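# Inside the fold
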Amino acid sequence: MCGIVAYIGYKQAQPILIKGLQRLEYRGYDSAGISILNGSIKTFKTKGKVSELENHIKNKNTDGEAGIAHTRWATHGVPNTKNAHPHFSKSKSLSLIHNGIIENYAILKEELVKRGYQFKSDTDTEVLVNLIEDIRINENVLLDEAVRIALNQVVGAYAIAILSDEHPNTLIAARKGSPLVIGIGEGEYFLASDATPIVEYTKNVVYLQDEEIAVLTRGEDFKIKTTNNKEKTPYVEELEWNLSELEKGGYEHFMMKEIYEQPRSIRDSMRGRLNTTTGTVSLGGIIDYEQTILAAKRITIVACGTSWHAGLVGEYLFEDIARVPVEVEYASEFRYRNPIIEEGDVVIAISQSGETADTLAAIELAKKKGAIIIGVCNVVGSSIARASHAGSYTHAGPEIGVASTKAFTAQVTVLTLMALRLAQLKGSLSRTKFMQLLMEMEALPTKVEKVLNTNGLTEKIAKKFKDVENFLYLGRGYNFPVALEGALKLKEISYIHAEGYPAAEMKHGPIALIDENMPVVFIAPRLGIYEKVVSNIQEVKARKGRVIAIVTEGDTMVREIADYVIEIPETAEYLMPILASIPLQKLAYHMAVMRGCNVDMPRNLAKSVTVE
Ligand code: F6R
């Protein structure tokens, strides 16, 4: 997601900031900007790469020993120069960069507009910088106090850095839910979203904690206080990692980093949309189209690859929870087969990148036939997001590993929220059941954390099976798409042939493949038609197949017959695909690593498939 770099000290800030942004490029972004303080604040911003920003400032005067810099991954407002950070306050005295999402920005903005503020961008960040300035002037307080008061009014997540021409020796930073690291040099301070831009200058760092505000003054000791105004003693740590390790947050590959990011990415997908206190679900992006969706006789989902698997989970969810008929189509097939789409039909297009050519073409075709398009994309401002009438972003953050992991669970999370919203409007679920589901959803990120902590079990299983040539993945109901997704993960990164099937279909063909050399992964939680899945496992065991089963914690029945069991926590049947897909991602990852494959960039594959 977005990247923050800042510096205050006795060196020229610009080269440190640009280099720092380059070090954060791996996070993914769509625009970049920099503010340098030298008497007044000078700001430069460009859409696109940091190299473009570098070119843009080449012959400009960027002298100054304090500055802030940012790479933006759009959340509010499309990626363009206007929305790029830093953002100025009305008087141009403050410049601010921000990672995260201010959920109540619309209300805050309304108040500021009433007080005569005008906004040049569509961002929540410009609201925050003006809120700070408004408080500083009207309450006549120092800047750090104005920041503290403002942050107490903010709902959401943030990591911020602020430059002020009235306080040329000081940089202010704060965080809640979005990381920030302070690097301590000789009378100088570095600040960044992670330690990557800092490590070449100093190994002494302080990781800012949630709701802490740091006041970094050139040549002086720095101070930390909380948003509740309590002084804190900073805990200085020594960095042990080298640069290359840091870029991947200490993980060997982006894919593993992204697998482990899922508790956060799922939380971000739900943030501001799920409210267990009021018992409501709301998706701002589709609010104007809710009645159209409700009136639709059926919904068609179009997508490719992993996103198509998420769509399949969506079909089960929409039909089960919201009682709407759904068809899921491969976008590449849909676009060429003269599908029956009528005026007012609803088409949901799912895409991580938002650039997949087949999905885009399917949308254009459906639009021509009069359909309303609802996009479910990860990349803000992407072609599919722009081609849709309305939609909900997944907010998973940039996914760099080619094999989709956190984007899949975020897509399923958003589709679950959509199905729940429709159920809420239609009254198709009892209030008790609806509330139970909301509570279960809220508990999901914590359960995902638990699933991730399998203590080397998936690695052990991978070691056992890394040299096989075939794999079968079987599941039923909600877990059939999980079987398909598990098989896709394995084949695309380890190059082992793998197939996913509905477990009961096995006897109509694939059972012929089963012998002592065939590993079969069963997704067999104690839910739905569990006993029937147990029978399917027995059929495999009777033919000497080797069974790896994903089961509910405390399961005894499957444990007795399977060769390996991976336990996952109990949850509602509707939410099981999110939990069950995670051990399968890890299994595929370990197998691929052990086979010496290029996990993040598998052969022949691209992250964004912009060709047919
Ligand atoms: C598999 C994978 C692909 C994509 C597919 C669609 O791990 O990543 O199958 O899911 O190429 O891409 P998006 O979601 O960007 O439309």
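Remember, predicted model here, so these are calculated numbers, not experimental data.

What follows deals with the environment of Glu 238. In this fold, Glu 238 is placed in strand E15 (residues 237-238). For Glu 238, a relative accessible area of 61% corresponds to the exposed category. Considering only alpha carbons, one finds Glu 238 and Val 205, 33 residues apart in sequence, at a separation of 6.3 Å. Setting aside residues up to four positions removed in sequence, Glu 238 forms contacts with Lys 203 and Asn 204.

Next up on the list: the site of the ligand. Taken together, 15 residues are adjacent to the ligand, and Ser 307, Ser 351, Ser 353, Thr 356 and Glu 492 come closest. Contact distances for the ligand include 2.7 Å between an oxygen atom and a backbone N or O atom of Gln 352. Contact with the protein chains hides 88% of the accessible area of the ligand, taken as 410 Å² for the molecule alone. Listed by contribution, the elements that provide at least two residues to the shell around the ligand are helix H10 (305-321) and helix H17 (479-494). There are two domains that each give the shell around the ligand at least three residues, and those are domain 2 (248-429) and domain 3 (446-605).

Now for the sheet that holds strand E21 (residues 372-377). Taken together, the five strands give an open sheet; going across it, the order is E19-E18-E20-E21-E22, and neighbouring strands pair in parallel fashion. Pairing within the sheet leaves two strands with one partner each, and these edge strands are strand E19 (326-330) and strand E22 (390-391). Bridge analysis of strand E18 (residues 299-303) against strand E20 (residues 346-351) gives four bridges, and the strand direction is parallel. Note that in E20 the partner of Thr 300 across the bridge is Val 347.

Here helix H4 (residues 124-138) contains 15 residues, and its C-alpha end-to-end distance of 21 Å stays within 8% of the 21 Å for a straight helix at 1.5 Å per residue. Burial of H4 is extensive: 13 of the 15 residues sit out of reach of the surface. For H4, the N-terminal capping position is held by Thr 123, with its side-chain oxygen 3.2 Å away from the main-chain nitrogen of Glu 126. Where H4 terminates, the next one or two residues include Asn 140, which has phi positive at roughly 50 degrees.

The space that makes up the second largest pocket amounts to roughly 780 Å³. If you go around the second largest pocket, you meet 31 residues; those closest to its centre are Thr 75, Arg 273, Gly 285, Tyr 393 and His 395. Mapped by element, the contributors of at least two residues to the lining of the second largest pocket are E21, helix H13 (383-387) and E22. If you tally residues by element for the lining of the second largest pocket, the top one is E21, at three residues. Residue composition of the lining of the second largest pocket, by class: eleven nonpolar, 14 polar and six charged. Two domains each provide a minimum of three residues to the lining of the second largest pocket, namely domain 1 (3-244) and domain 2 (248-429).

Attention now moves to the packing of helix H16 (residues 457-465) against helix H20 (residues 576-594). When two helices pack together, their arrangement is given by the angle between their axes and by how far apart the axes lie. Two numbers describe how H16 lies on H20: the axes approach to 8 Å, and their chain directions differ by 50 degrees. If you check the angle between H16 and H20, you find them oblique. Note on packing geometry: the crossing formed by H16 with H20 is right-handed. Residues Thr 458, Glu 459, Ile 461, Ala 462, Lys 463 and Phe 465 of H16 pack against Pro 583, Lys 586, Leu 587, His 590, Met 591 and Met 594 of H20. Among the residues forming the contact of H16 with H20, the class breakdown is seven nonpolar, two polar and three charged.

Domain boundaries assigned for the chain yield domain 1 (3-244), domain 2 (248-429) and domain 3 (446-605). Each of domain 2 and domain 3 has a C-alpha centre, and the two are 25 Å apart. Listed per partner, the contact involves 33 residues of domain 2 and 30 residues of domain 3. Of the roughly 2,700 Å² buried where domain 2 meets domain 3, counting both sides, 70% is carbon and sulfur surface. Together, Met 255, Tyr 316 and Val 402 form the three largest contributors to the area buried by domain 2 at its contact with domain 3, with a combined 20%. Where domain 2 meets domain 3, there are one salt bridge. Here Glu 449 makes a salt bridge to Arg 267, at a shortest N to O gap of 3.8 Å. For the pair domain 2 and domain 3, the interface holds 14 residue pairs in polar contact (both at pLDDT 80 or more). Elements represented by at least two residues in the side of domain 2 that touches domain 3 include exactly helix H7 (254-260), helix H8 (262-270), H10 and helix H14 (406-426).

About the criteria used
Residues numbered from 1 in each chain as written. Predicted model: local features only at pLDDT ≥ 70, side-chain atom pairs only at ≥ 80, totals over all residues. Heavy atoms only, no water. Helix = DSSP H or I, 4+ residues; strand = E, 2+ residues; numbered from the N terminus. Buried < 20%, exposed > 50% of the residue type's maximum accessible area, 1.4 Å probe, protein only. Contact = heavy atoms within 4.5 Å. Near = heavy atom within 4 Å. Polar contact = N/O pair within 3.5 Å; in protein donor to acceptor, adjacent residues only side chain to side chain. Areas by Shrake-Rupley, 256 points an atom, 1.4 Å probe, with all protein chains shown as cover. Domains from an automatic or database assignment. Pairing = 2+ DSSP bridges. Expected span 1.5 Å × (residues − 1). 1 Å grid on protein atoms, 1.4 Å probe; cavity = no way out; pocket = protein on both sides within 12 Å on 5 of 7 lines; lining within 4 Å. Points joined across faces, edges and corners; volume = space filled by probe spheres on them. Nonpolar A, V, L, I, M, F, W, Y, C, P; charged D, E, K, R; others polar. Axes fitted to C-alpha atoms, helices over the stretch in contact; angles between N-to-C directions. Parallel < 35°, antiparallel > 145°, perpendicular 65-115°, else oblique. Left-handed = near helix turned anticlockwise from the far one by under 90°. Buried area = accessible area lost by both parts, 1.4 Å probe. Salt bridge = Lys/Arg side-chain N within 4 Å of Asp/Glu carboxyl O.

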